[in-house]
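Okay, here's what each chain looks like letter by letter:
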Amino acid sequence: MKPLVVILAGGIGKTFSPLKINKTLLPIFGKPILQHVIEMVETADFHEALIVTNPENELWLSTYQPFNITLQTIVANPRGMGDALLQARESIGSRPILIINAVDMVEPSFLKTLMKPIQNSYGFITGLKIKRNISAGYIKENNGKAIGIVEKPTPGNEPSDMVNLIFHYFSEPEDLFTIMNKIPTSDDQYEKALTELMAQRTIDIVPYNGSWSKLKYPHHVLDMMNLFLKMNKVNSVARSAIVSPHAVLDGFIIIDENARIDAGAIIRGPAYIGKNVKIGSHTLIRQSVIEEGSIIGFGSEVARSYIGPRSKLHHNFVGDSVFESDINPSWGTTFANWRIDGNNPRLLLPNCSIETDGKKLGSIIAKNVFFGVNCAVMPGVTIGAGAKIYPHKVIAVAVCENEVVK
Amino acid sequence: MKPLVVILAGGIGKTFSPLKINKTLLPIFGKPILQHVIEMVETADFHEALIVTNPENELWLSTYQPFNITLQTIVANPRGMGDALLQARESIGSRPILIINAVDMVEPSFLKTLMKPIQNSYGFITGLKIKRNISAGYIKENNGKAIGIVEKPTPGNEPSDMVNLIFHYFSEPEDLFTIMNKIPTSDDQYEKALTELMAQRTIDIVPYNGSWSKLKYPHHVLDMMNLFLKMNKVNSVARSAIVSPHAVLDGFIIIDENARIDAGAIIRGPAYIGKNVKIGSHTLIRQSVIEEGSIIGFGSEVARSYIGPRSKLHHNFVGDSVFESDINPSWGTTFANWRIDGNNPRLLLPNCSIETDGKKLGSIIAKNVFFGVNCAVMPGVTIGAGAKIYPHKVIAVAVCENEVVK
Amino acid sequence: MKPLVVILAGGIGKTFSPLKINKTLLPIFGKPILQHVIEMVETADFHEALIVTNPENELWLSTYQPFNITLQTIVANPRGMGDALLQARESIGSRPILIINAVDMVEPSFLKTLMKPIQNSYGFITGLKIKRNISAGYIKENNGKAIGIVEKPTPGNEPSDMVNLIFHYFSEPEDLFTIMNKIPTSDDQYEKALTELMAQRTIDIVPYNGSWSKLKYPHHVLDMMNLFLKMNKVNSVARSAIVSPHAVLDGFIIIDENARIDAGAIIRGPAYIGKNVKIGSHTLIRQSVIEEGSIIGFGSEVARSYIGPRSKLHHNFVGDSVFESDINPSWGTTFANWRIDGNNPRLLLPNCSIETDGKKLGSIIAKNVFFGVNCAVMPGVTIGAGAKIYPHKVIAVAVCENEVVK
């Protein structure tokens, strides 16, 4: 019996600030992440899914036509994952369930491989194989079975090389619900119940060794984008797109409907060029996603960046940056991605800053921001929605929502 | 009997400031506007023209060889159009006349169509068909005949949908002169006399429905340029021009003698590339006119702009702008064309500002202006002749003649 | 008997500041100038050379494998050219010598033509034919023989049209050494001895009419580079280099091993592209040398400039400039080469400035300098090693070593 897939897509996403969009609705390759998740479930041949979600997602879901799967939606405002599942208890009934988290993206083929353990297991969790220490829950195992979760162990104290990834299967979810009901509602209600269940029953571990990305902080959009870019192994140009014979395309590239690539434009894949996007002359796009309706005007370079819908660039350099939507930098404005002291850029928020991984990080810009000509935005800077920046400004600290920098 | 064509080309053009050039001598497509007017008259198969003009035009006319028309010139400093005509009275004698104004440009084919009404009419004026209210003289008509001119009616109070355009024919000009002589010299002496003549004789109206442009304010150079670009329906490359096989030409483009188009240059017509002009690598020219001897250096974008003779650009963006001549913006200097508040740019003069039509307007720059690197000139700004702007300046207000901005 | 070639390569080069490199080790076309000199001597079929040099050159020489010549090295810290030769006296012994100066570069073929006068002469000096007055020693002649050297004559007082160039031959160098030993050690000890020798014996003059360059001030690197570019008459692309089919190469160009030329790059020769160099998309290189490991990123223009090893450009304009090595200008930074007042740029050092020849001169930048985005460096400015320039700065005066400009 195929399980009901329970998709948790209701997080509020405080840490996603300054971006305003509900993170599971962020479009990548022209579709919200939530749609990608649903399509992954469909493709893996599941027939029913229950989405525990928030009103904003619900609104989008009400307009969405799934192809070959029955979707049911519960709008919830849960306190943690345990609470979310308990609110869905009635809808689940006695069916086996596979729980997945809409902000965790894996290679879609992984879901298909779960069919076999589903047939043979009382329950399992997924162990993401990981080499370096990350801030997450590590699986404690014994003879290949899960016996506990250790939250955020310090480096060297990891109980295994596997992190708990929410692709969890329970053939008899009532067992879990019964335990959860006895534990007070809290952020870790689910993990506590799961640990108790592990003591009572055999919970297997399904290892996962592929690519993975999770949207927590806004710069994770870049990781998520890279996962999608990496997974795409096709070249496709929509029939309605117009590609100048004087443009150069190289590597895996998707060009969506009605896009226009002008003479002298160069696209170095992997890249996605969305619907109605215009790539102007002498522009270079590399390892980037340009969402619907954006214009990348003359002489711009967009490298390893996410350009959300309806943005209008004009001779800009955008490196390792996230533009939510409707971003309008005028000619010459530059989004720098390398600190003068060579240190890793930090994510600069209005009241704090956050460590990041790499040597290169550009700007994180929420929707509807306008820049005058020849501005420079320093590495790691975040800019709030609706901000306006006058010409020739150097922006080295976070800009608040609707702030005007003169 | 073919009429004598009386070309009025003597206006002083105060409103053309900050541009210094006599507006009928402004070169477009490599020729002064006055030459275009003369050629239009020639092409329409008139045989004689009388030009009432000023000393500067006279100087140019003395060097000009008309092809197939007899030109006579009167140098005048008239007070208004009536005065100009009266000063030409003796030279006109008793011949029928067609009066045209050298700053009104129409589609050249229009002039040919006037031959028929000339044969059949005592006199006529031309009615420019217009849809929206403009600040001009509207024709009052009765049964297709002109019975008056209403100056600058408020919207909704226009007596017709036709504006008085100076393509006026009089088979017996002495009738007009006699009336004018009784009216004191003034700006509207001609219009008053014309109205009186309408009461005495039948003045027909020849409607004109085509493109039209008039040089009044300096940004009208763009309208005039657009008229020429629109009218050109040929592609031509002079035999002495050198076009790199790695350049891209698209649309109607005229490339004049000894011009050089380098590898990687892109010209999107309509466009005119003048004599000895150099278009550098990775430069984009669209819907623009580049006059003789200018250099559009590496990586520039010139959009919907008029670049007068001997200007030297180098990696600049020039949008919706007028460069009179000998303008030298250094690398990175930008002429912005869109206000941060989205309002229509106003034409910013030293002591006043003037409303303009569109969302986009760049700069109006008089001759001999130098900009250092990486300056930004805000929308609508005018810059006086001989100004010098130091590097990295943001110019948001008018710059006076010979001003140095440090 | 072929003479021993004595190569003087020990100068300290105070005037080469702010550049740090020993000037005979400056790489051009991927090889130190000293190597070019040695190869020139080899190619001219000399069999033995003695290099009087400093410890830094010695270190490089110890790693260098000459092809077909025996090299001997003397490490000296001489006070002038006479002292240098006297320190080499013992190593020279009684062999005839040809003295050459490693910072004077001539056309390599010249050296071959010296074989004949070597066979027929007691001794000769070389007379560089020169048209305008330069600050150097002019040869006084009598019936084609050298009878003296006049140091820095004022214009109009030159004793001949020939400047003393150090390609000097002595069949019996002991005669010279004997005289030198009687003269106190000083800067002009050699010239004094030479003049005395001219009185005793016949010293011929070998005229030289070809190209010549001498490294004295740091901007002379450009003259030296131009000499090399001019002398190269081959096109060569290393087998391991990758040139995009969408790149454009025009003129004499050498592309060295493992270089990569991206789509949309344009190289207008003469030019040298060193080992492992990357020329990015939409970049224009003309009349320039790019040394090993440098990256000329997207949309840059490098004109008539020397870019030393491991520099990283990104959308910069570099005109008539010298970048020693490891120079990192961020996006949009511009090295201007034309003064706003049209005067010749002076070389701007921390405590003085030096007159230069041409209308165009860019920047002279010592090693390890970083620029933030959108800076502008004014013509003639020198920048010391290790300086850091923050974004959007206009640099109009010299920057000292390790200075930070915020």
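Just so it is clear, the structure is predicted and the values come from calculations on it, not from any experiment.

## Points about the overall build of chain A
No. 1: Check the secondary structure of chain A and you find nine helices and 38 strands.
No. 2: Considered along the principal axes of its C-alpha atoms, chain A spans approximately 65 × 45 × 35 Å.
No. 3: Across chain A, every contact between residues at least 6 apart in sequence was considered, and the portion connecting residues at least 24 apart equals 48%.
No. 4: Of the accessible surface of chain A, which amounts to about 16300 Å², a share of 49% is contributed by carbon and sulfur atoms.
No. 5: Measuring between centres, the 40 positive side-chain charges of chain A sit 5 Å from its 38 negative side-chain charges.

## Some details on the domain arrangement of chain A
Residue and element names in this part refer to chain A.
No. 1: Domain annotation for chain A reports domain 1 (4–216) and domain 2 (224–405).
No. 2: For domain 1 and domain 2, the distance between their C-alpha centroids amounts to 31 Å.
No. 3: On the domain 2 side, the residues contacting the 23 residues of domain 1 number 27 residues.
No. 4: Across the domain 1 to domain 2 interface the summed buried area is about 1900 Å²; carbon plus sulfur atoms make up 74%.
No. 5: In terms of surface lost to domain 2, no three residues of domain 1 exceed Pro18, Lys20 and Phe29, which account for 36% of the buried area on that side.
No. 6: Scanning the region where domain 1 abuts domain 2 turns up two salt bridges.
No. 7: Here Lys20 and Glu401 are joined by a salt bridge, their closest N and O atoms 3.0 Å apart.
No. 8: At the boundary of domain 1 with domain 2, the tally comes to nine residue pairs in polar contact (both at pLDDT 80 or more).

## What to know about the interface of chain C and chain A
No. 1: Facing the 19 residues of chain C at the interface are 25 residues of chain A.
No. 2: Interface area, chain C with chain A, both sides summed: about 1600 Å², of which 69% is carbon and sulfur.
No. 3: Our count for the chain C to chain A interface comes out at one salt bridge.
No. 4: Applying the counting rule to chain C against chain A returns five residue pairs in polar contact (both at pLDDT 80 or more).
No. 5: Residues that form the side of chain C that touches chain A fall into these classes: eight nonpolar, eight polar and three charged.

## Some points on the sheet that holds strand S28 (residues 328–329) of chain A
All names here are of chain A.
No. 1: Strand order in the open sheet formed by four strands is S28-S33-S36-S38, and the pairing between neighbours is parallel. Looking at the sheet topology across the chains shown, the edges are occupied by S28 and strand S38 (404–405).
No. 2: Pairing of strand S36 (residues 388–389) with S38 involves two bridges; the strand directions are parallel. Directly across from Lys388, in S38, lies its bridge partner Val404.

## Let's talk about the relation of the copies chain A and chain B
No. 1: Overlaying chain A with chain B gives an RMSD of 0.1 Å, the required rotation being 121° about an axis along which the chain moves by 0.0 Å. Here the copies are linked by what is in effect a three-fold axis. Minimal C-alpha distance to the rotation axis in chain A is attained by His282 of chain A, lying at 3.8 Å.

## Some details on the pattern of salt bridges
No. 1: Taken as a whole and assessed by the stated rule, the structure comprises 51 salt bridges over all chains.
No. 2: Between Glu39 of chain B and Lys31 of chain B there is a salt bridge, and its shortest N-O distance comes to 2.8 Å.
No. 3: For Lys31 of chain B, a relative accessible area of 27% corresponds to the partly exposed category.
No. 4: A salt bridge links Arg201 of chain C to Asp175 of chain C; its shortest N-O distance comes to 3.7 Å. Of the two residues, Arg201 of chain C is situated in the loop between helix H8 (189–200) and strand S12 (204–208) and Asp175 of chain C in helix H7 (residues 173–181); the sequence distance between them amounts to 26 residues.

## A look at the interface of chain A and chain B
No. 1: On the chain B side, the residues contacting the 19 residues of chain A number 25 residues.
No. 2: Together, the buried faces of chain A and chain B total about 1600 Å²; carbon and sulfur atoms form 69% of this surface.
No. 3: Linking chain A with chain B are one salt bridge, by the criterion used here.
No. 4: There are five residue pairs in polar contact (both at pLDDT 80 or more) connecting chain A and chain B.
No. 5: In terms of residue class, the side of chain A that touches chain B is built from eight nonpolar, eight polar and three charged.

## Brief notes about the packing of aromatic side chains
No. 1: The tally for this structure, following the rule as stated, stands at 30 aromatic pairs over all chains.
No. 2: Ring geometry for Phe110 of chain A and Phe167 of chain A: centres 5.5 Å apart, planes at 85°, overall edge-to-face. Residue Phe110 of chain A is found in helix H5 (residues 109–113), and its partner Phe167 of chain A is found in strand S11 (residues 162–170); the two are separated by 57 residues along the sequence. The burial state of Phe110 of chain A is the same as that of Phe167 of chain A; both residues are buried.
No. 3: Taking 5.0 Å as the distance between ring centres and 20° as the angle between the ring planes, the aromatic pair formed by Trp60 of chain B and Tyr64 of chain B counts as stacked.
No. 4: With relative accessibility at 17%, the residue Trp60 of chain B sits in the buried group.
No. 5: Clustering of aromatic rings is evident, with ring pairs tying together Phe29, Phe228 and Tyr272 of chain A.
No. 6: In this structure, Arg201 of chain B is placed above the aromatic ring of Tyr122 of chain B, and the distance from its NZ or CZ to the ring centre is 3.8 Å.

## Some remarks on the packing of helix H7 (residues 173–181) of chain A against helix H8 (residues 189–200) of chain A
For any two helices packed against each other, one specifies the crossing angle of their axes together with the interaxial distance.
Residue and element names in this part refer to chain A.
No. 1: At a minimum axis separation of 9 Å, H7 and H8 run at an interaxial angle of 120°. When the interaxial angle is binned, H7 and H8 end up oblique. Between H7 and H8 lies a crossing of right-handed hand. In this structure, H7 uses Asp175, Leu176, Ile179 and Met180 to contact H8, whose residues at the interface are Gln189, Tyr190, Ala193, Leu194, Glu196, Leu197 and Gln200.
No. 2: Residues belonging to the contact of H7 with H8 are distributed by class as follows: seven nonpolar, two polar and two charged.

## Overview of the side chain of Gln35 of chain C
Residues and elements named next belong to chain C.
No. 1: Along the polypeptide, Gln35 turns up in helix H1 (residues 33–43).
No. 2: You can call Gln35 buried: its relative accessible area is 13%.
No. 3: With residues up to four places along the chain from it excluded, the contact list for Gln35 reads Trp60 and Tyr64.

## Quick look at the pairing of strand S5 (residues 70–75) of chain B
Within a regular strand, side chains alternate between the sheet's two faces.
Residue and element names in this part refer to chain B.
No. 1: By the bridge criterion, six bridges tie strand S4 (residues 48–53) to S5 in an arrangement that is parallel. By the bridge assignment, Ala49 is partnered in S5 with Leu71.
No. 2: Each parallel crossover has a hand, and for S4 linked through helix H2 (residues 55–63) to S5 it is right-handed.

## Digging into the environment of Pro55 of chain C
No. 1: Along the chain, the position of Pro55 of chain C falls in helix H2 (residues 55–61).
No. 2: As for Pro55 of chain C and Ser17 of chain C, which are separated by 38 residues in sequence, their C-alpha atoms are 19 Å apart.

## Section: the sheet that holds strand S36 (residues 388–389) of chain B
All names here are of chain B.
No. 1: Within the open sheet, the four strands sit side by side as S28-S33-S36-S38. Their pairing is parallel. Every interior strand has two partners, whereas the edge strands, strand S28 (328–329) and strand S38 (404–405), have only one.
No. 2: Relative to S36, strand S33 (residues 370–371) runs parallel, the two sharing two bridges. Each bridged residue has a counterpart across the sheet, and for Phe370 the counterpart in S36 is Lys388.

## Notes on the UniProt feature "domain: Mannose-1-phosphate guanyltransferase C-terminal" (unreviewed entry) in chain A
No. 1: UniProt marks residues 251–316 of chain A with the feature "domain: Mannose-1-phosphate guanyltransferase C-terminal" (unreviewed entry), using the numbering shown here.
No. 2: As annotated, residues 251–316 of chain A has a helix share of 0% and a strand share of 50%, and its two end C-alpha atoms lie 23 Å apart.

## Some remarks on a nonpolar patch on the surface
No. 1: Together, Val237, Val243 and Leu249 of chain A make up a nonpolar patch on the protein surface, roughly 200 Å² of accessible area in all.
No. 2: With respect to the helices and strands, the residue Leu249 of chain A is situated in strand S16 (residues 248–250).

## Remarks on the side chain of Ser244 of chain A
All names here are of chain A.
No. 1: The topology assignment puts Ser244 in the loop between strand S15 (242–243) and S16.
No. 2: Exposure remark for Ser244: the relative accessible area of 13% places this residue in the buried category.
No. 3: Every residue in contact with Ser244, bar those within four places of it in the chain, is listed here: Ile261, Asp262 and Ala263.

## Here's the deal with H2 of chain B
Residues and elements named next belong to chain B.
No. 1: Considered for burial, the residues of H2 that qualify are Asn57, Trp60 and Leu61. Buried residues of H2 fall within an arc of 100° about the axis and therefore sit on the same side. Counted as exposed and oriented over 90 degrees from the buried face of H2: Pro55, Leu59, Ser62 and Thr63.
No. 2: Residues of H2 that are buried in the fold lie against strand S1 (4–9), strand S3 (31–32), helix H1 (33–43), S4 and S5.

Scoring rules and cut-offs
- Residue indices begin from 1 for each chain and proceed along its sequence in written order.
- Chain A is the first chain written and ligand 1 is the first ligand written, with later ones labelled in order.
- Residue-level local features of this predicted model are given only where pLDDT is at least 70; pairs of side-chain atoms are given and counted only at 80 or more, and the full residue set underlies all totals for whole chains, interfaces and linings.
- To obtain the side-chain values, all non-hydrogen atoms of the structure were used and water was disregarded.
- Think of it this way: any DSSP run of H or I at least four residues long counts as a helix, any run of E at least two long counts as a strand, and we number them from the N terminus.
- Contacts: residue pairs with any heavy atoms within 4.5 Å of one another.
- The Shrake-Rupley method, run with a 1.4 Å probe, gives the accessible areas here. Residue values count only the displayed protein chains as cover.
- The positive count covers Lys and Arg only, the negative count covers Asp and Glu only, and His and the chain ends enter neither.
- The atom standing in for a charge is NZ when the residue is Lys, CZ when it is Arg, CG when it is Asp and CD when it is Glu.
- Domain extents, as shown, originate in an automatic or database domain assignment.
- Put simply, buried area is how much 1.4 Å-probe accessible surface two parts lose in total, over both of them, once they are put together.
- For this analysis, a salt bridge means a side-chain nitrogen from Lys or Arg found within 4 Å of a carboxyl oxygen belonging to Asp or Glu.
- Identification of polar contacts relies on pairs of N or O atoms within 3.5 Å, with a donor-acceptor requirement for protein atoms, meaning one able to donate a hydrogen and the other able to accept it, and with residues adjacent in sequence counted only if both atoms are side-chain atoms.
- Gly falls in the polar group here, along with every residue not listed as nonpolar (Ala, Val, Leu, Ile, Met, Phe, Trp, Tyr, Cys, Pro) or charged (Asp, Glu, Lys, Arg).
- Whether two strands pair depends on DSSP finding at least two bridges between them.
- Superposing copies: least-squares fit, C-alpha atoms only, residues required to have pLDDT of at least 70 in both.
- Burial status follows relative accessibility: with a 1.4 Å probe on protein chains alone, a residue under 20% of its type maximum counts as buried, one over 50% as exposed, and anything between as partly exposed.
- The rule is short: rings of Phe, Tyr and Trp, with Trp giving its six-membered ring, pair when the centres are within 6.5 Å, and they are stacked under 30 degrees, edge-to-face over 60, tilted in between.
- Criterion for a charge above a ring: Arg CZ or Lys NZ at most 6 Å from the ring centre, at most 35 degrees from the ring normal.
- Every angle, taken between N-to-C directions, lies between 0 and 180 degrees, and every axis is a line fitted to C-alpha atoms, over only the stretch in contact when it is a helix.
- When an angle is under 35 degrees it counts as roughly parallel; over 145 it counts as roughly antiparallel; between 65 and 115 it counts as roughly perpendicular; any other value is oblique.
- Handedness of a crossing follows from how the near helix is turned relative to the far one, being left-handed for an anticlockwise turn of less than a right angle and right-handed for a clockwise one.
- Note on handedness: a clockwise path from strand one over the helix to strand two, with the strands aimed away from the viewer, defines a right-handed crossover.
- UniProt positions are given in the numbering used here, feature names are shortened, and annotations may be inferred rather than shown by experiment.
- To count toward a patch, a residue needs a relative accessible area above 30% and no salt bridge. Like charges then connect within 9 Å, nonpolar side chains (Val, Leu, Ile, Met, Phe, Trp, Tyr) within 5 Å.
- Taking the helix axis as origin, the arc is that swept by the directions to the C-beta atoms.

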